[in-house]
Amino acid sequence: MHSLPRMVAALALLCTMGLAPGGELPQSSAVEVKVTESGVSLFADNADAHEVFVRLAKATGLRIMVDDTVRRSVTLNLVGKEPTEVLEAIASAYGLACKLVGTVFMVSEGIPKGPSSYLLSDIDAVGTRYVLAPTAKSLLPIFLQDHVKTNQEQNSVILSAPPSVLKKFREDVSQFDIPAAQIMIEVLMVEFTDSATKEFALSLAASNAGVQGSVDSAFGEVFYRAITGLPDVFRSNLRALVEQGKARVRANPRIATVSGQDASIFIGKQRYISTPVVIGGDQWGGRQTNSIDAGVRLRITPWTGGTGDILLDIRPEISVLGAPDPRTGLPDKSTRQANTSVIVRDGETVILGGLTQDETMRTQTKIPLLGDLPLVGQLFRSVDERKLKTEMVVFITPRILPPSSSGGSEEKR
């Protein structure tokens with residue numbers, strides 16, 4: 001009578017191991033394991049992982065212990081393999097960890113889900129040199145991202161997993177942690193008068209027969225064309241227009257950036273204005289200071305795939321502040337902007353035109369006191385009104401820097 005509880009416990013243990021009394025496995029068409037002279041053959045069709053490992057252990061004599069957290073259905077077909085190769089193939093195919101501890105193969109989930117599987121795991125921090133840690137995490141497989149942590153101070157990604165999983169983890173990170181190409185962008189911003197623009201466009205088009213790049217703002221349209229390189233007379237013609245007062249070089253910077261990163265250039269000024277603070281309809285009694293930017297701003301994002309082609313996303317903006325409004329005291333802001341994307345070869349130039357602006361300048365001079373007299377005051381003051389039409393033309397020349405170049409003293413972003 002005292003042996004009955006022990007028999008019940010033994011039966012329960014055999015059932016959990018997939019064994020029937022007498023040590024025989026229950027027949028299942030979903031799992032077949034055969035051992036021949038050529039090796040081990042295993043066939044599993046949507047079979048429980050525990051059953052697969054139990055049958056493999058019984059047929060080959062391997063001592064296998066499977067963690068309770070493993071809840072998988074296995075489907076595979078292996079022929080003529082070594083017993084350990086079959087075990088490793090199942091583990092790698094389904095993201096499991098297999099580690100030999102003494103004479104027992106311990107099988108657990110690839111990502112620790114409990115203390116037992118954690119004891120079979122290591123922690124590895126993989127530092128990235130060319131990509132940020134959050135970006136590196138987002139490039140890993142989706143199922144792995146929830147288990148990967150980031151250390152922004154050391155710019156590294158961290159994972160706790162068995163050694164086999166960590167090895168694959170390091171290999172995956174090394175695949176995309178490669179240096180991106182650096183691109184030098186030379187920008188020339190020139191503001192022409194209406195007549196000078198036409199003269200300069202004709203000269204430029206004539207100097208580049210067959211491969212033209214010209215500007216025509218008759219309809220205020222923005223367009224571009226890539227050219228193989230600016231002609232030798234480009235600089236001399238531009239210098240002549242500047243000396244005649246028909247053109248003005250607003251900016252001529254060079255900036256280096258990494259492929260895929262924004263490069264921004266701003267040349268201008270900030271005007272600070274002070275406005276009263278009103279809360280609930282009543283003036284609070286304080287004043288708030290804000291600033292308004294005015295000048296030339298150019299945002300460029302270049303991409304290159306290493307084939308010599310460069311994709312440019314170009315966003316130029318030119319703004320001018322006018323006289324303060326007599327009622328609000330705030331200045332008017334006139335803005336010219338465009339947005340375009342273009343593919344060019346290394347060293348080719350992109351020309352952007354059509355950023356036109358009409359300005360009217362009114363100047364009044366008078367003799368003090370006499371000019372303010374009613375009726376006769378008009379005889380002692382004069383008004384000079386001038387109208388000026390200008391067009392901003394932007395020349396952008398990107399060049400891919402060699403890997404050994406760091407950009408020197410050029411400005412980076």
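Residues numbered from 1 in each chain as written. Predicted model: local features only at pLDDT ≥ 70, side-chain atom pairs only at ≥ 80, totals over all residues. Heavy atoms only, no water.

Direction vectors running N to C along helix 2 (residues 49-60) and helix 3 (residues 83-93) enclose 170 degrees, while the axes themselves pass 11 Å from each other. When the axis of helix 2 is compared with that of helix 3, the two are roughly antiparallel. Residues Val-52, Phe-53, Leu-56 and Thr-60 of helix 2 touch helix 3, and the partners they reach there are Pro-83, Val-86, Leu-87 and Ile-90. For the contact of helix 2 with helix 3, the per-class residue count stands at 7 nonpolar, 1 polar and no charged. (Axes fitted to C-alpha atoms, helices over the stretch in contact; angles between N-to-C directions. Helix = DSSP H or I, 4+ residues; strand = E, 2+ residues; numbered from the N terminus. Parallel < 35°, antiparallel > 145°, perpendicular 65-115°, else oblique. Contact = heavy atoms within 4.5 Å. Nonpolar A, V, L, I, M, F, W, Y, C, P; charged D, E, K, R; others polar.)

On to a nonpolar patch on the surface, then. A contiguous nonpolar patch, built from Ile-367, Leu-370, Leu-373, Leu-375 and Val-376 and spanning about 460 Å² of accessible area, is present on the exposed surface. Assignment of secondary structure puts Val-376 in the loop between strand 19 (349-366) and strand 20 (381-400). With relative accessibility at 41%, the residue Val-376 sits in the partly exposed group. (Patch = residues over 30% accessible without salt bridge, like charges linked within 9 Å, V, L, I, M, F, W, Y side chains within 5 Å. Areas by Shrake-Rupley, 256 points an atom, 1.4 Å probe, with all protein chains shown as cover. Salt bridge = Lys/Arg side-chain N within 4 Å of Asp/Glu carboxyl O. Buried < 20%, exposed > 50% of the residue type's maximum accessible area, 1.4 Å probe, protein only.)

Using the criterion set out here, one finds 8 salt bridges in the structure. Residue Arg-345 is joined to Asp-309 by a salt bridge in which the shortest nitrogen-to-oxygen separation is 2.7 Å. Within this pair, whereas Arg-345 is found in strand 18 (residues 340-345), its partner Asp-309 is found in strand 16 (residues 309-324), the two being separated by 36 residues in sequence. Exposure remark for Arg-345: the relative accessible area of 41% places this residue in the partly exposed category.

The next point concerns the nonpolar core. By size, the foremost hydrophobic cluster in this structure holds 25 residues, and its most contacted members are Leu-42, Val-52, Phe-53, Leu-56, Ile-64 and Ile-90. Those elements that place two or more of their residues in this core are strand 2 (39-48), helix 2, strand 3 (64-66), strand 4 (73-81), helix 3 and strand 6 (104-109). Per element, the largest residue contribution to this core is 5 residues, and it comes from helix 2. Once you skip the residues sitting within four places of it in the chain, Leu-42 turns out to touch Glu-32, Val-33, Val-52, Leu-56, Leu-76, Asn-77, Leu-78, Val-86 and Ile-90. Listed in part, the 22 residues of the second largest apolar core include Ile-310, Ile-314, Val-344 and Met-392. (Core = buried A, V, L, I, M, F, W, Y, C linked by side-chain atoms within 4.5 Å.)

We now examine unusual backbone geometry. Of note, Asn-46 is a non-glycine position whose phi angle comes to about 55 degrees, a positive value. With respect to the element layout, Asn-46 can be found in strand 2. A positive phi is found at Asn-155, a non-glycine position, where the angle reads about 50 degrees. Looking at the secondary structure, you find Asn-155 in the loop between strand 8 (149-151) and strand 9 (156-161).

Further remarks concern the side chain of Thr-397. Here Thr-397 is to be found in strand 20. Only 2.9 Å separates the side chain of Thr-397 from the side chain of Thr-349, close enough to count as a polar contact. (Polar contact = N/O pair within 3.5 Å; in protein donor to acceptor, adjacent residues only side chain to side chain.)

On the basis of which strands lie adjacent, the open sheet formed by 3 strands has the order 7-9-8 and antiparallel pairing. The sheet is open, and its two edges are formed by strand 7 (122-127) and strand 8, each paired on a single side. Within the sheet, the average angular offset between the axes of one strand and its neighbour, ignoring direction, is 30 degrees. One ladder, built from 6 bridges, connects strand 7 with strand 9; its direction is antiparallel. Within strand 9, the position partnered with Ala-125 by the bridge is Ile-158. Contacts from helix 7 (residues 163-176) reach strand 7 and strand 9, with the element oriented near 10 degrees to strand 7. (Pairing = 2+ DSSP bridges.)

In this section: helix 9 (residues 234-243). Along helix 9, the residues that are buried comprise Phe-234, Leu-238 and Leu-241. Viewed end-on, helix 9 has its buried residues packed into an arc of 60 degrees, placing them on one side of the element. Of the exposed residues in helix 9, those oriented more than 90 degrees away from the buried face are Arg-239 and Glu-243. The positive-phi residue at the C-terminal boundary of helix 9 is Gly-245, with phi of around 80 degrees. (Arc of directions from axis to C-beta.)

With mixed pairing, 3 strands are arranged side by side in an open sheet as 3-6-5. Since the sheet does not close on itself, it has two edges, and those belong to strand 3 and strand 5 (96-101), each with one partner. Put simply, the sheet's adjacent strands are angled 25 degrees from each other on average, direction ignored. One ladder, built from 3 bridges, connects strand 3 with strand 6; its direction is parallel. From the neighbouring strand, Ile-64 faces strand 6, where its bridge partner is Phe-105. Sheet strands touched by helix 3: strand 3, strand 5 and strand 6. Its angle to strand 5, the strand with the most contacts, is close to 145 degrees.

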